[in-house]
Amino acid sequence: PVFGVTSSDMEAGKSIFFANIAKSFAQLGKKVALLDCDLRSPVQHKIFSVKNAGGMSEILAGLSESVDKLTIHTRVDNLDLITAGHIPPNPTELLASENMKKLLDYLKESYDVVFLDLPPVNIVIDAIVPAEYVTSYVIVVRCGRDKLRDISEMVSLINQSKASIAGFVLNDVNPKTSGGGHYHRYYYSKYGHRYGYKRYGYGEKTK
């Protein structure tokens, strides 16, 4: 399956959260491909501490003849990453292109799960344009920050694209109001933005 990972707005924590979800799937023995499809503001290369010298932009624009050469084998067994590449002038067109379909068809032959890290739905249309190629969307909602009105608008836009929603992830739960103190402390001590991306140490495998 191909899962599109998105949110209604910025700073929901979707990219970090799903880097770890991808890692969890890989540790279960699934072959996982994680694609940074936020071609305007990419972060997966920072999370994995790898170079962003070429990736989705070059593949979708037809500037790269080989997907395999731009696929990074991370230090996590079974988890491969394709970074966003250089920021293009036409990200929406690239994500809606026939090359996007060809790329996903190619990856589905080699991987059990493909995750697309997409931009926030309410910010740009980029997250919706590849909807026909996505099995379903997973939505990250930041507790205490995302407004119900914005979430409703996001769901409406996804429904209009005739895509399905697999479910929602509630992120950054407040321990004082939810009782989720252990999760909250664990999340921020190990995975939170405030400690930076380099704590992950997923990196690229040495050859």
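Residues numbered from 1 in each chain as written. Predicted model: local features only at pLDDT ≥ 70, side-chain atom pairs only at ≥ 80, totals over all residues. Heavy atoms only, no water.

Draft legend 1. Structural detail: the pattern of salt bridges. In this structure the tally under the stated criterion is four salt bridges. Its salt-bridge partner being Asp105, residue Lys101 comes within 2.9 Å of it at the nearest N-O pair. Remark: Asp105 and Lys101 occur in helix H5 (residues 98-108); sequence separation between them is four residues, near one turn of the helix. Look at Asp105 and you get partly exposed, because its relative accessible area is 31%. (Salt bridge = Lys/Arg side-chain N within 4 Å of Asp/Glu carboxyl O. Helix = DSSP H or I, 4+ residues; strand = E, 2+ residues; numbered from the N terminus. Buried < 20%, exposed > 50% of the residue type's maximum accessible area, 1.4 Å probe, protein only.)

Draft legend 2. The packing of aromatic side chains, seen in detail. By the definition in use, this model includes four aromatic pairs. A connected cluster of aromatic rings, assembled from ring pairs, spans Phe3, Phe17, Phe18, Phe25 and Phe115. The ring of Tyr111 has Lys31 lying over it, and the distance from NZ or CZ to the ring centre is 5.2 Å. (Phe/Tyr/Trp six-rings, centres within 6.5 Å; stacked < 30°, edge-to-face > 60°. Lys NZ or Arg CZ within 6 Å of the ring centre and 35° of its normal.)

Draft legend 3. Layout of the environment of Leu104. Tracing the chain through its elements places Leu104 in helix H5. Judged by relative accessible area, Leu104 falls into the buried class, the value being 1%. The sequence separation of Leu104 and Leu35 amounts to 69 residues, and the corresponding C-alpha distance is 9.9 Å. Those residues in contact with Leu104 that lie beyond four places of it in its chain are Val2, Leu35, Val114, Leu116 and Tyr133. (Contact = heavy atoms within 4.5 Å.)

Draft legend 4. Region of the structure containing H5. Taken residue by residue, H5 has Met100, Leu103, Leu104 and Leu107 as its buried positions. Viewed end-on, H5 has its buried residues packed into an arc of 95°, placing them on one side of the element. (Arc of directions from axis to C-beta.)

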